[in-house]
Amino acid sequence: ITVYVGVQIFNFKYSPYLNADKRVLVADYALVVAVAAGSFVGSYVFRKIELNKFTVDEDRGLFQIMDFVAPSGTAIVAAIGLGFMMSILFFMETNISESIVSNPANKLEKGTTFHLDLFVTGV
């Protein structure tokens, strides 16, 4: 329901109501209004539903240190796959940001640290 409300409010900028500036202003706050409305509905409508409380064993402590003695082969392969996907994500994010910033309309000159962010991320 939150997505539906957000999309409907966002599409208000295409309606004939109000003037153009006010329609754009309403559409800019579509996400905030949709989340607030969804939170209100979730809190008010479902307030009588009892939920299980999260309990913490005080004797054990809040955190437990994991023993990394001998990970299984499946864990190693999964870590390699996740690391590879993360490196692709970082590489694409860096290139997309660089292409947006390096747009000729920005009239910026390429500095000496053009690829430094990718190097720092790699290290």
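None of the values given here were measured: they were computed from a predicted structure.

Peer 1: Give me the environment of Val-3: which residues, what numbers.
Peer 2: Secondary-structure assignment places Val-3 in helix α1 (residues 2-10). On the basis of relative accessible area, Val-3 is assigned to the exposed category, the value being 66%. As a C-alpha pair, Val-3 and Phe-46 span 43 residues in sequence and 19 Å in three-dimensional space.

Peer 1: So, the side chain of Thr-94: which residues are in play, and what are the values?
Peer 2: Here Thr-94 is to be found in helix α4 (residues 73-101). Judged by its relative accessible area of 6%, Thr-94 falls in the buried class. In terms of polar contacts, Thr-94 uses its side chain to reach the backbone carbonyl oxygen of Phe-90, at 2.9 Å.

Peer 1: So what's going on with the packing of aromatic side chains? Which residues, and what values?
Peer 2: Per the stated rule, a full pass over the model turns up 2 aromatic pairs. Measuring from centroid to centroid gives 6.5 Å for Phe-12 and Tyr-17, while their planes differ by 10°, and the two rings are stacked. On the accessibility criterion, Tyr-17 (55% relative accessible area) is exposed. Measuring from ring centre to ring centre gives 5.4 Å for Phe-40 and Tyr-44, while their planes differ by 5°; the resulting arrangement is stacked. Taken together, the residues span about one helical turn, with Phe-40 and Tyr-44 both in helix α3 (residues 30-44) at a distance of 4 residues. Given a relative accessible area of 53%, Phe-40 falls into the exposed group. One residue, Arg-47, lies across the ring of Tyr-44, its end atom 4.4 Å from the ring centre.

The rules behind these values
- Residues numbered from 1 in each chain as written.
- Predicted model: local features only at pLDDT ≥ 70, side-chain atom pairs only at ≥ 80, totals over all residues.
- Heavy atoms only, no water.
- Helix = DSSP H or I, 4+ residues; strand = E, 2+ residues; numbered from the N terminus.
- Buried < 20%, exposed > 50% of the residue type's maximum accessible area, 1.4 Å probe, protein only.
- Polar contact = N/O pair within 3.5 Å; in protein donor to acceptor, adjacent residues only side chain to side chain.
- Phe/Tyr/Trp six-rings, centres within 6.5 Å; stacked < 30°, edge-to-face > 60°.
- Lys NZ or Arg CZ within 6 Å of the ring centre and 35° of its normal.

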